There are 2 protein chains.
Amino acid sequence: MLEKMDLKKKMEPEEAKKLLEEASGKLGRLQRECRNKGIPVMIVFEGMGAAGKGVQINRLIQALDPRGFHVYTSERSNREERLRPFLWRYWTKIPEKGRIVIFDRSWYRSVQADRFDQEMSEKKEAAGKKMEVDYYDIRSFEKQLTDDGMVVIKFFLYIDKKEQKKRFEKLEASKETAWRVTKEDWLRNKEFDHYLRINEQMLEATDTKYAPWTLVEAEDKNWAAVKIMSTVCERLAYALEQKERQEQSGEKEAEAAPREAFLSDVLAGVDLSKTLSREEYKEQLDKLQKKLEKLHNELYRKRIPLIIGFEGWDAAGKGGAIRRLTSHLDPRGYQVNPTASPNDIEKRHHYLWRFYRDMPKAGHIAIFDRTWYGRVMVERIEGFCTTEEWQRAYGEINEMEKHLTNAGAIVLKFWLHIDKDEQERRFKERMADPAKQWKITDEDWRNREKWEEYEVAVNEMLLRTSTTYAPWIVVEGNSKYYARVKVLRTVVEAIEARLKELEG
Amino acid sequence: MLEKMDLKKKMEPEEAKKLLEEASGKLGRLQRECRNKGIPVMIVFEGMGAAGKGVQINRLIQALDPRGFHVYTSERSNREERLRPFLWRYWTKIPEKGRIVIFDRSWYRSVQADRFDQEMSEKKEAAGKKMEVDYYDIRSFEKQLTDDGMVVIKFFLYIDKKEQKKRFEKLEASKETAWRVTKEDWLRNKEFDHYLRINEQMLEATDTKYAPWTLVEAEDKNWAAVKIMSTVCERLAYALEQKERQEQSGEKEAEAAPREAFLSDVLAGVDLSKTLSREEYKEQLDKLQKKLEKLHNELYRKRIPLIIGFEGWDAAGKGGAIRRLTSHLDPRGYQVNPTASPNDIEKRHHYLWRFYRDMPKAGHIAIFDRTWYGRVMVERIEGFCTTEEWQRAYGEINEMEKHLTNAGAIVLKFWLHIDKDEQERRFKERMADPAKQWKITDEDWRNREKWEEYEVAVNEMLLRTSTTYAPWIVVEGNSKYYARVKVLRTVVEAIEARLKELEG
């Protein structure tokens, strides 16, 4: 694609000025409309070194209301970021509804410049393999965001080898700017064709209908500025049109067709009579906790992140299980993240945003007390999202967990299961105990009335999102002793299995 | 203080267990009450290496509802953090109302372990000087938070040289834990007395009435656990009592006594007739923008952070001045932060929290379109905070700006001044222009009615918060040309002055 570009494209300063002024007024208007309609926008700038990304971004933002945008510069990733999946740093920065985020370099950096650096340092084969996985993760990232209503605009600024060389030399000639040109920059210029091929592959692999690339001939700054500004205007206008059409045709369109009744009943097969005596419990608990304490050290040393999600009926014993899991762990290495209803800011983001934020660094454990599965349970049942949205969520969640495991994480999800009678018994017990009364609210009783609806949702969830890389473990929970030990044992075994894998 | 401690303190496991269970129930209750009353709590763990901070924190959090607390571990600071004032990483992590944050190591790290490391590496003198500044910043940090209603509980866990050596040896004896003991740990053990002296000084300098230290004899884990748990319970109970007393005596107590009428009138002395012709404007603007572009590079290379605040009457031309300031800058090196009314999350934090979050890294420019001075203007006038709160704010703001300049930042604050007639003219002009109508809201007209009240507040603000290290610059704004050039020139000159200082 790149080599076929006509780099002789030019525009007279006077004409460019006129067009930019027009576009600028238009862009301001479009920005305000997008804010009113709650459309989030992400604009990505990639391209060759010295192609003028900085100048172009600055021109673009002069036309924007500063209350509505934010520019992020992707420098080399910091330690916090390197210890997490590579998209984590971008997930945490996505715009909320109605806002614009501009990325000067982006998630493409790792499949472009970083790849080049790796290939140059003779890690060629490993680099190639990693790329395929990264492309998959990137496409899924952009798909999830655009499915959620975001506009993603991607620019690639191109100049050729000769022009780049000229610009580097000019930068180096001045005392103030010489430091901007690095050894790596010169290497990329010298090995321009190789670098070009990497960029071509990247563009091919990630040029999608929902997030297409716009290639920008960047030798002439005026031409580039007009092309960029016009493209942003067009894309925003189109998004607004679409939004309007959607609103006019009513919310109906957004609703997916009803599906066939869901038949498979995972929960029915659970044997709730499993139990453990107090002595067995004490003994096994003690043994497993001590083992876990040691394994926690190993996780840390081998830099393996561990993600554990807890779901289950109210009063199924999530809190107790979590306490037994953590009571011997070093608090510096784990975090319990309780999930409540989303707050204002969280509601204005993609529903997975707040969970990404709490994902553990490599070597750490993150325990979620209720999880992202709320989307296909409470949000589905209470109508907090559309049918189309929760139906789409199964795939989205699987993709997120794939991304996490691609980055080396162990992902375990526990469904703590009890039957309806046991729940009633526990509710009443809590009501009778002054120290526990606060744990029971009217909402718990209301949820209980929807037990059958939840059962359908849970069954579908367990089936659709239990994967080889992130399995659901259904825990027989009528006996608390049995449940706690099963959770601990599962975690211990999962870590041991991974450590063995790494050794082998 | 430390050497006088009775390290023979012990407690039988059975007794400890009983006391801990009691305290545990009590703590859970207190945590819920603090949540209901919106009291934020910060608990700090410091102490000698291998004194058992991890174990003690874990015991403490087992008694807490995980939905209400968060543990932060202060590892060595990352790059994002090192490029900002040293308290920045903690300001951004303070608990919101009703929540508990626990720090495993904290802001004391830099005046304790880091200082020791420095002294050992023969940077002794520089270290000593920096300490005094850091102690000042720490006291002011804790004072601001406790003044705002936060409970700050600080533990120092002490073991002696012999016991520490024993524990290091035990850790090293096991394959799983050997990596935990570092060369630095052994050096601190070897030079125990020196390290002790540093800790003594730290405790003395920061043991205040509002945030006292609790020294914990940590040789016996049970003793330490009981002491810690009881202390937390006591402090929370006391805070709740105080809160209740305050509520009962009505809000009256919180209101400060009225002060003498404020007389000095800074604004009256401003000469609004200053102006500039279009030709002079164009010429000077162009020259200054080019100069600033170059200086921006110098700032970056010398790692100087630049903080520019804009305040002024509605329609005084803040937006226009900011645009002229930024139009030639590289967007990778600056950020415009518009300040709107605080959102939900921001309201639940100290009012300075959200501004800390946006403070620039070393070498970067942060421009604030409206600032933390909202506290002593709109919040004062609209009654969004109590009289006592806005009166306290002058000192708090001065302290914050001191902390920023201590960390090497240039801080400039512009008040864009126009008279009431000029404002009316501009409002009407905007209303008449379809492209600008959205800029004028009913609120602007309402604010205008309070012009005289604002005048009093602005005069007081300019007087009380113009400091040698962070001056206010009043900009004569009736002529936009004049104002924009003055802003640019002031910024350019401030940077030049700093660069000269660094050279000299």
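Residues numbered from 1 in each chain as written. Chains lettered and ligands numbered in written order. Predicted model: local features only at pLDDT ≥ 70, side-chain atom pairs only at ≥ 80, totals over all residues. Heavy atoms only, no water.

**Observations regarding the overall build of chain A**
A tally of regular secondary structure across chain A gives 20 helices and ten strands. Its C-alpha atoms give chain A principal-axis dimensions of roughly 85 × 55 × 40 Å. By the burial criterion, 55% of the 504 residues in chain A qualify as buried. Taking the contacts inside chain A whose residues are at least 6 apart along the sequence as the reference set, 82% of them involve residues at least 24 apart. (Helix = DSSP H or I, 4+ residues; strand = E, 2+ residues; numbered from the N terminus. Buried < 20%, exposed > 50% of the residue type's maximum accessible area, 1.4 Å probe, protein only. Contact = heavy atoms within 4.5 Å.)

**Structural notes on the relation of the copies chain A and chain B**
One chain copy maps onto the other through a rotation about an axis and a shift parallel to that axis. Superposing chain A onto chain B requires a rotation of 180° together with a translation of 0.0 Å along the rotation axis, leaving an RMSD of 0.0 Å. Accordingly, the operation relating the two chain copies is best matched by a two-fold axis. A shared interface surface links the copies, since 100% of the contact residues of chain A are contact residues in chain B too. (Least-squares fit on C-alpha atoms with pLDDT ≥ 70 in both.)

**As for the sheet that holds strand β7 (residues 334-338) of chain A**
Residue and element names in this part refer to chain A. If you trace the five strands from one edge of the open sheet to the other, you get β7-β8-β6-β9-β10, paired in parallel fashion. The outermost strands of the open sheet, each flanked by one partner alone, are β7 and β10 (472-476). Pairwise comparison of adjacent strand axes, ignoring direction, gives a mean angle of 20° for this sheet. Pairing of strand β6 (residues 306-312) with strand β8 (residues 365-369) involves five bridges; the strand directions are parallel. (Pairing = 2+ DSSP bridges. Axes fitted to C-alpha atoms, helices over the stretch in contact; angles between N-to-C directions.)

**Remarks on the pairing of β6 of chain A**
Residues and elements named next belong to chain A. When you tally the buried positions in β6, you get seven out of seven residues, the bulk of the element. The alternating pattern of β6 places Leu 306, Ile 308, Phe 310 and Gly 312 and Ile 307, Gly 309 and Glu 311 on opposite faces, both of which are buried. Pairing of β6 with strand β9 (residues 410-417) involves seven bridges; the strand directions are parallel. Considered in β9, the bridge of Leu 306 is made with Ile 410.

**Notes on the sheet that holds strand β6 (residues 306-312) of chain B**
Residue and element names in this part refer to chain B. Spatial strand order, β7-β8-β6-β9-β10: five strands in an open sheet with parallel pairing. This sheet does not close on itself; its edge strands, each paired only once, are β7 (334-338) and β10 (472-476). This sheet shows a mean twist of 20° between the axes of neighbouring strands, independent of strand direction. Alignment of β7 against strand β8 (residues 365-369), held across five bridges, turns out to be parallel. Within the sheet, the bridge partner assigned to Pro 338 lies in β8 and is Asp 369.

**Here's the deal with the pattern of salt bridges**
Taken as a whole, this structure holds 94 salt bridges over all chains when the rule is applied. Across the pair Asp 330 of chain A and Arg 180 of chain B runs a salt bridge, and its minimum N-O distance is 3.3 Å. Of this pair, Asp 330 of chain A sits in the loop between α12 (318-326) and β7 while Arg 180 of chain B sits in the loop between α7 (161-173) and α8 (183-190), each in a different chain. The class for Asp 330 of chain A is buried, based on a relative accessible area of 16%. For the salt bridge of Arg 167 of chain B with Glu 163 of chain B, the shortest nitrogen-to-oxygen distance reads 2.8 Å. Of this pair, Arg 167 of chain B and Glu 163 of chain B both sit in helix α7, separated by four residues, roughly a single helical turn. Overall, Arg 167 of chain B belongs to the buried group, its relative accessible area being 14%. Relative accessible area serves as the criterion here: at 11%, Glu 163 of chain B is assigned to the buried category. (Salt bridge = Lys/Arg side-chain N within 4 Å of Asp/Glu carboxyl O.)

**Regarding the side chain of Ser 110 of chain B**
Residue and element names in this part refer to chain B. Within the secondary structure, Ser 110 is located in the loop between β3 (100-104) and α5 (113-120). For Ser 110, a relative accessible area of 16% translates into the label buried. Sequence-distant contacts of Ser 110, defined by excluding residues within four places in its chain, comprise Phe 86, Arg 115, Met 131 and Asp 134.

**Some words on the interface of chain A and chain B**
At the interface, 47 residues of chain A touch 47 residues of chain B. Contact between chain A and chain B buries roughly 4200 Å² in total, counting both sides, with carbon and sulfur atoms accounting for 49%. The residue Asp 104 of chain B makes a salt bridge to Arg 332 of chain A at a minimum N-O spacing of 3.0 Å. Taken together, chain A and chain B are joined by 17 residue pairs in polar contact (both at pLDDT 80 or more). Taken together, the elements giving at least two residues each to the side of chain A that touches chain B come down to α2 (53-62), β2 (69-73), α3 (79-82), α11 (278-302), α12, β7 and α13 (344-347) of chain A. Sorting elements by how many residues they give to the side of chain A that touches chain B places α2 of chain A first, with six residues. Partitioning the side of chain A that touches chain B into residue classes produces 14 nonpolar, 14 polar and 19 charged. (Buried area = accessible area lost by both parts, 1.4 Å probe. Polar contact = N/O pair within 3.5 Å; in protein donor to acceptor, adjacent residues only side chain to side chain. Nonpolar A, V, L, I, M, F, W, Y, C, P; charged D, E, K, R; others polar.)

**Looking at the confidence of the model for chain A**
Residue and element names in this part refer to chain A. In this model, chain A carries an average pLDDT of 90, and 95% of its residues clear a pLDDT of 70 or more. Mean pLDDT values for the elements of chain A range from 78 in α3 up to 98 in β6. Here residues 257-262 scores under 50 on pLDDT; set against residues more than four positions off or in separate chains, the count is nine contacts. Overall fold confidence for the complex sits at a pTM of 0.79, while the interface term, ipTM, reaches 0.72. (pLDDT = per-residue confidence, 0-100.)

**A look at the packing of aromatic side chains**
Residue and element names in this part refer to chain A. Under the criterion given, the structure shown has 52 aromatic pairs over all chains. Measuring from centroid to centroid gives 5.3 Å for Phe 310 and Phe 414, while their planes differ by 25°, and the two rings are stacked. Of this pair, Phe 310 sits in strand β6 while Phe 414 sits in strand β9, and the two are 104 residues apart along the sequence. Under the relative-accessibility criterion, Phe 310 is labelled buried at 0%. (Phe/Tyr/Trp six-rings, centres within 6.5 Å; stacked < 30°, edge-to-face > 60°.)

**Here we look at the packing of helix α5 (residues 113-120) of chain A against helix α9 (residues 192-206) of chain A**
All names here are of chain A. The N-to-C vectors of α5 and α9 enclose an angle of 135°; their axes lie 10 Å apart at closest approach. As summarised for this structure, α5 and α9 are arranged oblique, according to the angle between their axes. Our pair here, α5 against α9, has a crossing hand that is right-handed. Here Ala 113, Arg 115, Phe 116, Glu 119 and Met 120 of α5 lie close against α9, whose contacting residues are His 194, Tyr 195, Arg 197, Ile 198 and Gln 201. (Parallel < 35°, antiparallel > 145°, perpendicular 65-115°, else oblique. Left-handed = near helix turned anticlockwise from the far one by under 90°.)

**Thoughts on the domain arrangement of chain A**
All names here are of chain A. Looking at the assigned domains, one finds that chain A contains domain 1 (2-239) and domain 2 (267-503). Of note, the centres of domain 1 and domain 2, computed from C-alpha atoms alone, are 39 Å apart. In this assembly, 23 residues from domain 1 lie in contact with 24 residues from domain 2. For the pairing of domain 1 and domain 2, the buried interface totals around 2200 Å² over both sides, and the portion due to carbon and sulfur atoms is 52%. One salt bridge connects Arg 348 with Glu 96, and the closest N-O pair in it is separated by 2.7 Å. For the side of domain 1 that touches domain 2, the elements supplying multiple residues, two or more each, are α3, α4 (88-91) and α6 (124-147). No other element matches α6, which puts seven residues into the side of domain 1 that touches domain 2. Of the residues that constitute the side of domain 1 that touches domain 2, the class distribution is eleven nonpolar, three polar and nine charged. (Domains from an automatic or database assignment.)

**Considerations on helix α17 (residues 420-432) of chain A**
All names here are of chain A. Helix length check: α17, at 13 residues, gives a terminal C-alpha distance of 19 Å against a target of 18 Å (1.5 Å per residue), a fit within 8%. Along α17, the positions that sit buried rather than exposed are Glu 422, Gln 423, Arg 426, Phe 427 and Arg 430. The buried residues of α17 occupy an angular sector of 135° when projected down its axis, which confines them to one face. Exposed and facing more than 90 degrees away from the buried side of α17 are Asp 421 and Ala 432. In this fold, the buried residues of α17 make contact with α18 (442-449), α19 (451-465) and α20 (480-503). (Expected span 1.5 Å × (residues − 1). Arc of directions from axis to C-beta.)

**Quick look at a positive patch on the surface**
On the surface, Arg 323, Lys 436, Lys 439 and Lys 480 of chain A cluster together into a positively charged patch. Of note, Arg 323 of chain A is situated in helix α12. (Patch = residues over 30% accessible without salt bridge, like charges linked within 9 Å, V, L, I, M, F, W, Y side chains within 5 Å. Areas by Shrake-Rupley, 256 points an atom, 1.4 Å probe, with all protein chains shown as cover. Lys, Arg positive; Asp, Glu negative; His and termini not counted. Charge placed at Lys NZ, Arg CZ, Asp CG, Glu CD.)

**So, unusual backbone geometry**
Residue and element names in this part refer to chain A. We note that Ala 50 has phi near 65°; this positive angle belongs to a residue other than glycine. With respect to the secondary-structure elements, Ala 50 resides in the loop between β1 (41-47) and α2. With a relative accessible area of 27%, Ala 50 lands in the partly exposed category. Phi angles above zero are rare outside glycine, and Arg 303 is one such case at about 60°. The topology assignment puts Arg 303 in the loop between α11 and β6. For Arg 303, a relative accessible area of 35% corresponds to the partly exposed category.

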